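An overview of the molecular structure
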Amino acid sequence: EARMSMPVSPPMSDFPYQNFKSMIDHVAERYSSNIAVRMREEKTGEYRELTHKEFRLEVLALARGLARLGFRKGEKIGLLSENRIEWAVVYFAAVYSGLVIVPLDSSVDADGCATVCAFSDIRGLFISEKQEEKLNAIMKAASIEFLIAFDETTSRNRKCPLYGEILTGGSDTSIALPADTEI
């Protein structure tokens, strides 16, 4: 009898970092002035870029901003947006904080997003202006305590804080984040 064998993944010992947090810290230190992310802004056509050092600082500020809002290790936060630099910052800030990130596919319809949000029991949701039309279905299906907008229009329409405000709120370096061993 013939059996199919599955490829074996390399052992995690080949990964030189304890976790993503230690990876972000090491890469930011070692490659601080190298470009980490670059993206063309849709509205202006200009390119925005962050070095590894800048990326880490933004990740830390957002992680502290989320802690300031009361998010704690193990809680779930959703992310519904098209590609943008802030998407990556939110993802890594959540990981850095020990939060569970629930990235939603921006091409999924409102009912699909609502179902994922309801079943995943997210406490907060980052959302872009382009995805705002899905919010009524999401808010009907899920008990979301915090809505955070990437764009001013959504912030005004939904009377919720802007990503930049949460980032600024995290500028206080005395706000504690989980230690490496706690993530």
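Residues numbered from 1 in each chain as written. Predicted model: local features only at pLDDT ≥ 70, side-chain atom pairs only at ≥ 80, totals over all residues. Heavy atoms only, no water.

1. Remarks on the nonpolar core
- Counting 28 residues, the largest nonpolar core has Leu62, Leu66, Ile77, Val89, Val90, Phe126 and Tyr163 as the members making the most contacts within it.
- For this core, the secondary-structure elements that each account for two or more residues are α2 (52-68), β3 (76-80), α3 (85-97), β6 (146-149) and α7 (163-169).
- Sequence-distant contacts of Leu62, defined by excluding residues within four places in its chain, comprise Val89, Val90, Ala93, Phe126, Tyr163, Ile166 and Leu167. (Core = buried A, V, L, I, M, F, W, Y, C linked by side-chain atoms within 4.5 Å. Buried < 20%, exposed > 50% of the residue type's maximum accessible area, 1.4 Å probe, protein only. Helix = DSSP H or I, 4+ residues; strand = E, 2+ residues; numbered from the N terminus. Contact = heavy atoms within 4.5 Å.)

2. A short note on the layout of surface pockets
- When its volume is computed, the largest pocket comes out at roughly 510 Å³.
- What lines the largest pocket is a set of 18 residues, and nearest its centre among them are Glu41, Glu42, Lys43, Arg84 and Asp151.
- Secondary structure elements with two or more residues in the lining of the largest pocket: β1 (35-40) and α3.
- Within the lining of the largest pocket, the residues separate by chemical class into 3 nonpolar, 3 polar and 12 charged. (1 Å grid on protein atoms, 1.4 Å probe; cavity = no way out; pocket = protein on both sides within 12 Å on 5 of 7 lines; lining within 4 Å. Points joined across faces, edges and corners; volume = space filled by probe spheres on them. Nonpolar A, V, L, I, M, F, W, Y, C, P; charged D, E, K, R; others polar.)

3. Observations concerning the packing of aromatic side chains
- Evaluation of the coordinates by the stated rule reveals 8 aromatic pairs.
- Seen from their ring centres, Phe20 and Phe92 are 6.1 Å apart, and the 75 degrees between their planes marks the pair as edge-to-face. Of this pair, Phe20 sits in helix α1 (residues 20-30) while Phe92 sits in helix α3, placing them 72 residues apart in sequence.
- Judged by relative accessible area, Phe20 falls into the partly exposed class, the value being 42%.
- Through pairs of rings, three or more aromatic residues link up here, namely Phe20, Phe55, Trp87, Tyr91 and Phe92.
- For Arg123, the ring lying beneath its charged end belongs to Phe71, and the centroid distance is 4.7 Å. (Phe/Tyr/Trp six-rings, centres within 6.5 Å; stacked < 30°, edge-to-face > 60°. Lys NZ or Arg CZ within 6 Å of the ring centre and 35° of its normal.)

4. Remarks on the side chain of Arg64
- By the secondary structure assignment, Arg64 is in helix α2.
- No salt bridge is formed by the buried Arg64; its nearest oppositely charged neighbour, Asp172, is found at 6.5 Å.
- Once residues within four sequence positions are removed from consideration, Arg64 is found in contact with Gly170, Ser171, Asp172, Thr173, Ile175 and Leu177. (Lys, Arg positive; Asp, Glu negative; His and termini not counted. Salt bridge = Lys/Arg side-chain N within 4 Å of Asp/Glu carboxyl O.)

5. Looking at the sheet that holds strand β4 (residues 100-104)
- Reading across from one edge, β4-β3-β5-β6 is the order of the 4 strands in this open sheet, with parallel pairing throughout. Each edge of the open sheet carries a strand with a single partner, namely β4 and β6. Averaged over all pairs of adjacent strands, the angle between their axes in this sheet comes to 20 degrees, without regard to strand direction.
- Bridge count between strand β5 (residues 124-127) and β6: 4 bridges; the pairing is parallel. Within β6, the residue paired with Ile127 across the bridge is Ala149.
- Here helix α4 (residues 110-120) sits on the sheet in contact with β3 and β4, set at roughly 170 degrees to β4. (Pairing = 2+ DSSP bridges. Axes fitted to C-alpha atoms, helices over the stretch in contact; angles between N-to-C directions.)

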